[in-house]
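# Observations on the three-dimensional arrangement
Below, each chain spelled out in residue letters.
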Amino acid sequence: MPATVSNGRWTNWAGNQSATPARIAAPTSAEELAAVVRRAGEEGLPVKAIGSGHSFTAVAAAEQAVLIRPEGLDAVRELDRAAGTVTVESGLPLSRLNRLLAEAGLSLTNMGDIEVQTVAGATSTGTHGTGRDSGSLAAQLRAVEIVLADGSVQHCSATEQPELFQGARLGLGALGVVSALTFAVEPAFLLTAQEAPMTFDRVLADFDELSRVNEHFEFYWFPHTDRCSTKRNNRSQGPAAPLPAVKAWLEDDFLSNTVWEGACRIGRAFPRTVPAIAAVASRAWSERTYTDVAHKVFTSPRKVRFVEMEYAVPRAAATTVLRELKRLVDRGDWRISFPVEVRCAPADDLWLSTASGRDTVYIAVHLYRGTADQGYFAAVEQLMTAHQGRPHWGKLHTRDAAYLAGAYPHFTDFTALRDRVDPQRRFANAHLRRVLGD
């Protein structure tokens, strides 16, 4: 389930962030959204759009704000085959966009590993998958429509208000409320997925080669073991050879969600069992190969709830960081039931992209909901920041504007734009004041 609003209080998907709004609005057009923003300004109230609530940070949480729910802004405005673009409203879930594109014989170039987010929520926080040549969802944007603090509806692209476009593609909700997005799309394609177990040492020894020869490479390391599950996705001429329905349900839903939820609950209640659970789990993902339409290979159902920290480190530092992380876990007293996820991205030019200006490797650590942290995230963060790490904007971290200004070459460009378009901080909250300054 996505985020919820119950008894007047909003709670995110993971259940670790909540807020009580002054009121809730669900506009169905950019004009209605603009009117909501203007009225909030007249009343001196902050404005926050909530998406599907899949951020673990408080980026969308603000007490006594006008809370904008996305479900009324879900139209597909234009599909331009000649230009290779699709324009959709900001509240459209990625799952629906993927299926609408597939029906039209089109596809996004790259995707994250879940598709429950709204398109604006995903792009505004830097949601990404893994790719040798293709970057985040925000990097695939060609135009943005955004409602600013004065209630004006602005259109921007690389040629129309390019400075606003640079900020609004990945804007954290700090510049305004996105009302529509134009994505680059391409003809639909098949991906062949090759999934195979591999030892930790072998993955790291071959990491540069694996990430070079495969279009999309990622792996999961199971803490307390030396085992990894690797996944290589590459374009295929076909024919399609999807997993049989029963096998897909058994492995990708029942084992990966239902059984895994039970294992996590046991590990949370009896931490000493976690290494044994990890040993079994690391062997449950066997070798398999299948070919299917892109969005079915890129994305998977994720029903087990958790909290997550993810850092982007320079590609050249990745294997060093991963070895240090394994040593941290091996010598620590933590009992970590969730695997560590590792993905790749090429450098891009977005001001606040975690891959801005450098080839990047993402390292994500997780804790099952309700599990005591016991310093795990803090130790991981210390390791990541020692290697010039940039935190994912939608995932837990403790960095502030002073640190982030040194981590992003264009940080001050973004904050100067924010000063210009939202001088009264209509879209600010406590979290944005910490990470962007005030």
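Structural notes, computed from the coordinates. (Residues numbered from 1 in each chain as written. Predicted model: local features only at pLDDT ≥ 70, side-chain atom pairs only at ≥ 80, totals over all residues. Heavy atoms only, no water.)

### Comments concerning the overall build of the protein
A count of helices and strands for the protein gives 14 helices and 21 strands. Relative to the globule expectation of 22 Å for 438 residues, the C-alpha radius of gyration of the protein, 21 Å, shows essentially globular dimensions. Oriented by its inertia axes, the alpha-carbon framework of the protein measures out at about 60 × 50 × 40 Å. Counting the 438 residues in the protein, one finds 58% classified as buried. Taking as baseline every contact in the protein between residues at least 6 positions apart, the subset at least 24 positions apart corresponds to 73%. Of the roughly 17600 Å² of accessible surface on the protein, 52% is carried by carbon and sulfur atoms. Charge-centre separation for the protein: the mean point of 47 positive side chains lies 5 Å from the mean point of 49 negative side chains. (Helix = DSSP H or I, 4+ residues; strand = E, 2+ residues; numbered from the N terminus. Rg over C-alpha atoms; globule rule 2.2 N^0.38 Å. Buried < 20%, exposed > 50% of the residue type's maximum accessible area, 1.4 Å probe, protein only. Contact = heavy atoms within 4.5 Å. Areas by Shrake-Rupley, 256 points an atom, 1.4 Å probe, with all protein chains shown as cover. Lys, Arg positive; Asp, Glu negative; His and termini not counted. Charge placed at Lys NZ, Arg CZ, Asp CG, Glu CD.)

### Here's the deal with the nonpolar core
The tendency in soluble globular proteins is for nonpolar side chains to be buried as a group. Among the nonpolar cores identified, the biggest contains 55 residues, and Leu-97, Val-144 and Phe-183 are the most heavily contacted of them. Sorting elements by how many residues they give to this core places helix H13 (residues 411-421) first, with 4 residues. When sequence neighbours within four positions are dropped, the list of residues in contact with Val-144 reads Gln-154, His-155, Cys-156, Phe-165, Ala-168, Arg-169, Val-178, Ala-180 and Leu-181. Ranked by size, the runner-up nonpolar core spans 49 residues in total, among them Ala-14, Leu-328, Val-361 and Phe-377. (Core = buried A, V, L, I, M, F, W, Y, C linked by side-chain atoms within 4.5 Å.)

### Focus on the state of the cysteines
A full pass over the atoms with the stated rule returns 0 disulfides. Among the cysteines around Cys-344, which has no disulfide bond, Cys-228 carries the closest sulfur, lying 13 Å off. (Disulfide = S-S within 2.5 Å.)

### Some words on the pattern of salt bridges
Under the criterion given, the structure shown has 29 salt bridges. Note that Arg-212 and Glu-209 form a salt bridge whose closest N and O atoms lie 3.0 Å from each other. Here Glu-209 and Arg-212 lie together in helix H6 (residues 207-213), a separation of 3 residues that amounts to about one turn. Three or more residues joined by partner-sharing salt bridges are found here, namely Asp-113, Glu-308, Glu-310, Glu-341, Arg-343 and Lys-395. (Salt bridge = Lys/Arg side-chain N within 4 Å of Asp/Glu carboxyl O.)

### A look at helix H1 (residues 30-43)
For H1, with 14 residues, the first-to-last C-alpha span of 20 Å sits near the 20 Å given by 1.5 Å per residue. Burial in H1 covers these residues: Ala-30, Leu-33, Ala-34, Val-36, Val-37 and Ala-40. Looking straight down H1, one finds that the buried residues subtend no more than 160 degrees of arc, so they occupy a single side. Exposed residues on H1 whose side chains face more than 90 degrees from its buried face are Glu-31 and Glu-42. (Expected span 1.5 Å × (residues − 1). Arc of directions from axis to C-beta.)

### Some remarks on the side chain of Glu-89
Residue position: Glu-89 is located in strand S8 (residues 85-89). In terms of polar contacts, Glu-89 uses its side chain to reach the backbone amide nitrogen of Asp-74, at 3.3 Å. Beyond its immediate sequence surroundings of up to four residues, Glu-89 is in contact with Thr-28, Gly-72, Leu-73, Asp-74, Ala-75, Arg-77, Val-119, Ser-179 and Ala-180. (Polar contact = N/O pair within 3.5 Å; in protein donor to acceptor, adjacent residues only side chain to side chain.)

### Examining the sheet that holds strand S12 (residues 177-184)
One open sheet accounts for 5 strands, arranged S7-S8-S12-S10-S11; its pairing is antiparallel. Strands with a single pairing partner mark the edges of an open sheet, and in this sheet they are strand S7 (76-80) and strand S11 (153-157). With direction set aside, neighbouring strand axes in the sheet form an average angle of 10 degrees. By the bridge criterion, 6 bridges tie strand S10 (residues 141-147) to S12 in an arrangement that is antiparallel. (Pairing = 2+ DSSP bridges. Axes fitted to C-alpha atoms, helices over the stretch in contact; angles between N-to-C directions.)

### Considerations on the sheet that holds strand S20 (residues 360-368)
An order of S17-S14-S16-S15-S19-S20-S18-S21 is seen for the 8 strands of this open sheet, with the pairing classed as antiparallel. The open sheet terminates on both sides in strands that have one partner only, identified here as strand S17 (288-293) and strand S21 (390-391). Strand direction decides the pairing type here: strand S18 (residues 306-314) and S20, joined by 9 bridges, are antiparallel. Within S20, the position partnered with Val-313 by the bridge is Val-361. Against the sheet, helix H10 (residues 318-331) makes contact with strand S15 (216-221), S18, strand S19 (340-345) and S20, and its axis sits at roughly 20 degrees relative to S20, the strand it touches most. Against the sheet, helix H11 (residues 376-385) makes contact with S18, S19 and S20, and its axis sits at roughly 10 degrees relative to S18, the strand it touches most.

### So, the environment of Val-47
Structurally, Val-47 is set in strand S5 (residues 47-49). When its relative accessible area of 0% is taken as the criterion, Val-47 is described as buried. As a C-alpha pair, Val-47 and Val-361 span 314 residues in sequence and 34 Å in three-dimensional space. Residues contacting Val-47, with those up to four places away along its chain left out, are Val-37, Ala-40, Ala-65, Val-66, Ile-68, Val-177, Arg-426 and Phe-427.

### A closer look at the environment of Asp-133
With respect to the element layout, Asp-133 can be found in the loop between helix H3 (119-124) and S10. Taking the C-alpha atoms as reference, Asp-133 lies 21 Å from Ala-205; in sequence the two are 72 residues apart. A polar atom in the side chain of Asp-133 sits 2.9 Å from the side chain of Arg-132.

### Things to note about the side chain of Asn-12
Tracing the chain through its elements places Asn-12 in the loop between strand S2 (9-11) and strand S3 (18-19). Looking at Asn-12, its side chain comes within polar contact range of the main-chain nitrogen of Gly-15, at 3.0 Å. In terms of polar contacts, Asn-12 uses its side chain to reach the side chain of Asn-16, at 2.8 Å. The residues contacting Asn-12, other than those within four sequence positions of it, are Ala-3, Gln-17, Gly-53, Ser-55 and Phe-56.

### Some words on the packing of aromatic side chains
Counted according to the given criterion, the structure contains 11 aromatic pairs. Ring geometry for Phe-306 against Phe-338: centres 5.4 Å apart, planes inclined by 50 degrees, an arrangement best described as tilted. Of this pair, Phe-306 sits in strand S18 while Phe-338 sits in the loop between H10 and S19, placing them 32 residues apart in sequence. Pair check on accessibility: Phe-306 and Phe-338 agree, each one buried. (Phe/Tyr/Trp six-rings, centres within 6.5 Å; stacked < 30°, edge-to-face > 60°.)

### A few points about unusual backbone geometry
In this model, Gly-238 is joined to Pro-239 through a cis peptide bond whose omega is 5 degrees. Tracing the backbone through its elements, the reader meets Pro-239 in the loop between strand S16 (227-236) and helix H7 (245-269). Not every positive phi belongs to a glycine, and Arg-425 is a case in point at roughly 60 degrees. Residue position: Arg-425 is located in the loop between H13 and helix H14 (430-436).

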